[in-house]
Amino acid sequence: MTAIPDTGPHQNRHLVTEIPGPRSRALMARKEAAIARGVGTTMPVFAARAAGGVVEDVDGNVLIDLGSGIAVTTVGASAPRVIDAVEQQVREFTHTCFMVTPYEGYVAVAERLNRLAPGTHEKRSVLFNSGAEAVENAVKIARAATGRSAVVAFDHAYHGRTNLTMALTAKAMPYKHGFGPFAPEVYRAPLSYPFRDGPDVDGEEAARRAIDVIDKQVGSDNLAALIIEPIQGEGGFIVPAPGFLPALQQWCRSRGVVLIADEVQTGFARTGAMFASEHEGVVPDVLVSAKGIADGLPLAAVTGRAEIMDAAHAGGLGGTYGGNPLACAAALATIDTITEDGLIQRARDIEALALPRLSRMRDADPRIGDVRGRGAMLAVELVDPTTAAPDPELARAVASAAHAQGVIVLVCGTHGNVLRFLPPLTISDELLHEAFDVLSAAFADLRS
Ligand SMILES: *Cc1c(COP(=O)(O)O)cnc(C)c1O
């Protein structure tokens, strides 16, 4: 298992003030006076240090981390190999711009991604700064490769907050509300959502349903790309029924439509595979990665079939900071950490520990309608026990109670009624059990 930096916080939950403590409250007051209110925070708690499975705040409270900064610090914040690689790189040079005088780190990251992404075909990669920027570029590339303009995204999708990615994202509040008009030629298809679809709609039936909408309302001759998260992130950790993704892949291939897997949240060992597409043997034409790629340094990538990726003309792709040398050094160290420390297996072990616990919680509490996810990307969907209507108030209340007890937990879902668990893969079993004990107690306290 990965070593935790010796200088990092103790790997124990430890509360020395109420949450938030006085230093965090003072910083929140400065935040409110200095920062646009559009930037929200899950917790009013300011971080001082983080490593392994914990975040230490500025008041000295040590919190159990079930968020990883939204699936980013998968190898643990400040992972030792990342510290060394970034320290060395920062002394050599911080930036030259890859489009001016290129450097090896960028090439090495692209080579690693081309090997790691599903499929044995020849691939190319290009690097960017954020998931949204990479998604935008994946669409540019698909349009250049097909000469078509339409793009299909799915219900509950989240692809980012830039103009084109707002159009791809499903949820209006808070992501799109008041920010239109949005990019044209974006269409939406129904997802496979087993908990809501019920047992009668299997993956293939759900795919037929989606393809029928696309055929009738878009037409495959107009369609450049279909973009999908193999497990939806912000939209509610929805795992499509088996067969859904392979059927979409087959349809895309038969119609010359580029299948883009948005693996920004699911990538880099998070789900117990390097990429979540692998669970069903799906080979996307283009794969978008970010979040877990570089242990928190800003980096994102588009990796795909050479003939598709090379369709964009020279000079058509890039950006001042894309593939920054510090971020590339961090990415190489992150990938080494995943492979050398067996973190894909660790994600599966976390699933094996957490899923039975969450299932027992569901069996004892009808407000937990569904337990789902893969690896260390797990969630519970909270509902009204009689109507199965989404219960966002309960999700908020459980999350707040957990926060007050020193457990960082995030809410997601189109209806805001899903508690999601994204621990760093370096978290100990003890901390995981303790966090679920806190959550169980919160559910019990909130029983009406
Ligand atoms: C977070 C996320 C994005 C956007 O990434 P940013 O780096 O925040 O721009 C896109 N797609 C998915 C699936 C995500 O989870």
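Residues numbered from 1 in each chain as written. Predicted model: local features only at pLDDT ≥ 70, side-chain atom pairs only at ≥ 80, totals over all residues. Heavy atoms only, no water.

## Description of the packing of helix 4 (residues 104-116) against helix 11 (residues 325-340)
Here is the rule: The axes used here are C-alpha line fits, helices contributing only the stretch in contact, and every angle between their N-to-C directions lies in the interval 0 to 180 degrees. Going along the chain from the N terminus, every DSSP run of H or I of four or more residues is numbered as a helix, and every run of E of two or more is numbered as a strand. Two helices crossing with the near one rotated counterclockwise from the far one by less than a right angle form a left-handed crossing, whereas a clockwise rotation gives a right-handed crossing. Contact criterion: two residues are considered in contact whenever any of their non-hydrogen atoms come within 4.5 Å of each other. Residue polarity is assigned by list, with Asp, Glu, Lys and Arg as charged and Ala, Val, Leu, Ile, Met, Phe, Trp, Tyr, Cys and Pro as nonpolar; anything else, Gly included, falls into the polar class.
Packing of helix 4 against helix 11 leaves a shortest axis separation of 9 Å and a crossing angle of 35°. Classified by chirality, the crossing of helix 11 by helix 4 is left-handed. Across from G105, Y106, A108, V109, R112 and L116 in helix 4, the residues of helix 11 making contact are C328, A331, L332, I335 and D336. Its residues assigned to classes, the contact of helix 4 with helix 11 shows eight nonpolar, one polar and two charged.

## Regarding the domain arrangement of the protein
Note the following rule: Each domain's extent was defined by an automatic or database domain assignment. Buried area adds together the accessible area that both of two parts lose upon being put together, with accessible area traced by a 1.4 Å probe. Here a salt bridge means any side-chain nitrogen of Lys or Arg lying within 4 Å of a carboxyl oxygen belonging to Asp or Glu. Each polar contact in these results corresponds to two N or O atoms within 3.5 Å; when the atoms are within protein, one needs to be able to donate a hydrogen and the other to accept it, and residues that are neighboring in sequence are counted only if both atoms are side-chain atoms.
Assigned domains within the protein: domain 1 (22-65 + 342-445) and domain 2 (82-340). One C-alpha centre belongs to domain 1, the other to domain 2, and the line joining them spans 25 Å. Tallying the contact residues gives 32 residues for domain 1 and 27 residues for domain 2. Here domain 1 packs against domain 2, burying approximately 2300 Å² in sum over the two surfaces, 58% of which is carbon and sulfur. In this structure, the connection of domain 1 to domain 2 is made through two salt bridges. Inspection of the domain 1/domain 2 interface yields 18 residue pairs in polar contact (both at pLDDT 80 or more). Every element with two or more residues in the side of domain 1 that touches domain 2 is listed here: helix 12 (343-364), strand 11 (368-374), strand 12 (377-382) and strand 15 (418-421).

## Quick word on the pairing of strand 7 (residues 223-228)
As a reminder, the rule being used: Only protein chains enter the calculation, and the probe is 1.4 Å; a residue is then buried if its accessible area is under 20% of its type maximum, exposed if over 50%, and partly exposed in between. Strands pair, by our definition, only if DSSP identifies at least two bridges between them. When the strands point away from the viewer, a crossover counts as right-handed if the path from the first strand over the helix to the second runs clockwise.
Burial runs high along strand 7: six of the six residues are buried. Bridge count between strand 5 (residues 150-154) and strand 7: three bridges; the pairing is parallel. Each residue of the ladder has a partner; that of V151, found in strand 7, is A225. As defined by bridge partners, strand 7 adjoins strand 8 (residues 258-262) across four bridges and the pair is classed as parallel. Paired with I228 across the bridge in strand 8 is A261. Once the chain exits strand 7 it traverses helix 9 (residues 244-255) before rejoining the sheet at strand 8, and the crossover so formed is right-handed.

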